[in-house]
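These are the residues of each chain, in order.
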Amino acid sequence: MTWTATILTLYPEMFPGSLGQSLAGRALTDGIWSINPRNIRDWATDKHRSVDDTPAGGGPGMVLRADVVAAAVDGVANGTPVLAMTPRGAPLTQARVRALAAGPGVTLLCGRFEGFDERLFEARAIEQVSIGDYILSGGEVAVTVLLDACVRLLPGVMGAALSGVDESFETGLLEHPHYTRPPEWEGYSIPDVLRSGDHAKIAKWRTERSEQDTRLRRPDLWQRHSDAAGPSPSGARRQKKEE
Ligand code: SAH
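Residues numbered from 1 in each chain as written. Predicted model: local features only at pLDDT ≥ 70, side-chain atom pairs only at ≥ 80, totals over all residues. Heavy atoms only, no water.

Looking at an unreviewed UniProt entry, one finds the chain named tRNA (guanine-N(1)-)-methyltransferase and attributed to Sandarakinorhabdus glacialis. Heading Subcellular location (unreviewed entry) of the UniProt record for the chain holds this comment: "Cytoplasm". In its Sequence similarities (unreviewed entry) section, the UniProt record describing the chain reads: "Belongs to the RNA methyltransferase TrmD family." (UniProt positions renumbered as here; feature names shortened; annotations may be inferred.)

Here it is as structure tokens:
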């Protein structure tokens with residue numbers, strides 16, 4: 001069955017955008033997934049077709065109305081999980097992306113202005129998702145990020161079936177660095193081990209670099225990885241001493 005992305009936005013013409021190119025674009029043409037951008041404004045009820053109003057309590061900007069957005073969500077309901085893009089949401093992870101890709105598709109809500117009337121999230125089962133700790137001007141780019149991450153995992157999209165499992169984050173670690181020809185460039189060379197042809201040694205080097213780079217660059221990931229791996233040998237020793 002075709003994996004379907006339904007997008008509720010004020011700018012449907014922004015899609016497929018970059019998702020119409022390269023890997024995702026080819027998958028779209030091949031019918032592996034489909035994209036259905038819908039204008040939230042189509043569910044507006046007044047003669048000005050308004051979708052937003054001034055913030056309760058005052059302050060700058062406008063807020064997307066709960067009644068209009070909820071009507072849009074109800075109007076496109078097709079059983080797929082509904083996710084709203086917001087910096088207040090749970091950070092998007094590769095694990096969440098993988099789970100979404102394994103399902104029938106997604107319904108995605110793009111915010112604009114100051115975002116959504118909070119009552120939307122009380123009245124409807126909507127997952128709030130953030131793509132990082134910075135503020136975009138709208139949810140469309142965030143949706144593009146999420147869909148790009150999902151689509152590359154759909155069966156038949158990536159050439160080598162295995163190339164998805166080895167990437168950064170799939171193991172909870174950053175991936176090892178890559179090199180290609182020429183072997184010497186501006187005085188810099190490819191690590192000898194990668195040219196040794198010794199596959200066991202190469203695998204060991206890659207694991208070590210993956211661990212080392214994660215420890216140095218992403219102490220947060222490293223901590224989680226170490227916690228998940230259970231008590232370290234030194235921790236175990238410490239415990240033994242205490243007994
Ligand atoms: N006033 C809001 C930001 C609104 S930005 C706040 O401070 O939380 C306008 C819209 O852009 C949001 O409704 C959301 O849909 C999108 N957006 C901005 N930053 C985002 C992020 N980091 N992740 C996901 N969506 C984001």
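**Thoughts on the packing of helix α6 (residues 199–217) against helix α7 (residues 219–228)**
The interhelical angle for the contact between α6 and α7, taken along N-to-C directions, is 120 degrees, at an axis separation of 5 Å. Here α6 is positioned oblique relative to α7, judged by the angle of their axes. Contacts between α6 and α7 involve E211, T214, R215, L216 and R217 on the former and, on the latter, P219, L221 and W222. In the contact of α6 with α7, the residues fall into four nonpolar, one polar and three charged. (Axes fitted to C-alpha atoms, helices over the stretch in contact; angles between N-to-C directions. Helix = DSSP H or I, 4+ residues; strand = E, 2+ residues; numbered from the N terminus. Parallel < 35°, antiparallel > 145°, perpendicular 65-115°, else oblique. Contact = heavy atoms within 4.5 Å. Nonpolar A, V, L, I, M, F, W, Y, C, P; charged D, E, K, R; others polar.)

**Comments concerning the nonpolar core**
Side chains that are nonpolar tend, in soluble globular proteins, to be buried together. Within the largest apolar cluster, 29 residues are counted, with the highest numbers of intra-cluster contacts made by W3, W33, L146 and L147. Examining the composition of this core, we find that seven residues originate from one element, helix α5 (residues 139–151), more than from any other. The residues contacting L146, other than those within four sequence positions of it, are L83, M85, L92, L100, L108 and V129. Within the second largest apolar cluster, 20 residues are counted, among which are I40, A70, V82 and F116. (Core = buried A, V, L, I, M, F, W, Y, C linked by side-chain atoms within 4.5 Å. Buried < 20%, exposed > 50% of the residue type's maximum accessible area, 1.4 Å probe, protein only.)

**Observations concerning the packing of helix α3 (residues 94–102) against α5**
Two elements in contact, α3 and α5, have axes whose closest approach is 8 Å; the angle formed by their N-to-C orientations is 70 degrees. On the basis of the axis angle, α3 is roughly perpendicular to α5. Crossing angle aside, the handedness with which α3 passes α5 is right-handed. Facing α3, whose interface residues are V97, L100 and A101, α5 presents L146, A149 and C150. A breakdown of the residues in the contact of α3 with α5 according to their chemical character gives six nonpolar, no polar and no charged. (Left-handed = near helix turned anticlockwise from the far one by under 90°.)

**Some words on the site of the ligand**
Within the structure, the ligand sits among 19 residues, and M85, G111, G132, Y134 and L136 are positioned closest to it. In the model, a nitrogen atom of the ligand is placed 2.9 Å from a nitrogen or oxygen of the Y134 main chain. Contacts to the ligand include L136, whose backbone N or O atom sits 3.0 Å from a nitrogen atom. Elements that contribute at least two residues to the shell around the ligand include exactly β5 (82–91), β7 (127–130) and α5. The element that contributes the greatest number of residues to the shell around the ligand is β5, accounting for three residues. For the shell around the ligand, the residue count by class is nine nonpolar, eight polar and two charged. (Near = heavy atom within 4 Å. Polar contact = N/O pair within 3.5 Å; in protein donor to acceptor, adjacent residues only side chain to side chain.)

**Description of the packing of aromatic side chains**
The description of an aromatic ring pair uses the distance of the two centres, along with the angle that the planes make with each other. Here the structure, examined in full by the defined rule, presents two aromatic pairs. Ring centres of F116 and F121 lie 5.7 Å apart, and the angle between their planes is 80 degrees; on these two criteria the pair is classed as edge-to-face. Neither F116 nor F121 differs from the other in exposure class; each is buried. Over the ring of W222 we find R215, and its NZ or CZ is 5.7 Å from the ring centre. (Phe/Tyr/Trp six-rings, centres within 6.5 Å; stacked < 30°, edge-to-face > 60°. Lys NZ or Arg CZ within 6 Å of the ring centre and 35° of its normal.)

**So, the domain arrangement of the chain**
The domain architecture assigned to the chain consists of domain 1 (3–151) and domain 2 (184–242). Computed from C-alpha coordinates alone, the two centres of domain 1 and domain 2 are separated by 38 Å. (Domains from an automatic or database assignment.)

**Looking at the environment of Q128**
With respect to the helices and strands, the residue Q128 is situated in strand β7. Along the sequence, Q128 and G138 sit 10 residues apart, while their C-alpha atoms lie 14 Å from each other. Non-local contacts of Q128, meaning those with residues more than four positions away in its chain, are made with A84, T86, G89, A90, E118 and F121.

**What to know about the environment of E184**
Position of E184 relative to the elements: it lies in strand β8 (residues 184–185). A residue is classified by how much of its surface remains accessible, and E184, at 48% relative accessible area, is partly exposed. As a C-alpha pair, E184 and T207 span 23 residues in sequence and 24 Å in three-dimensional space.

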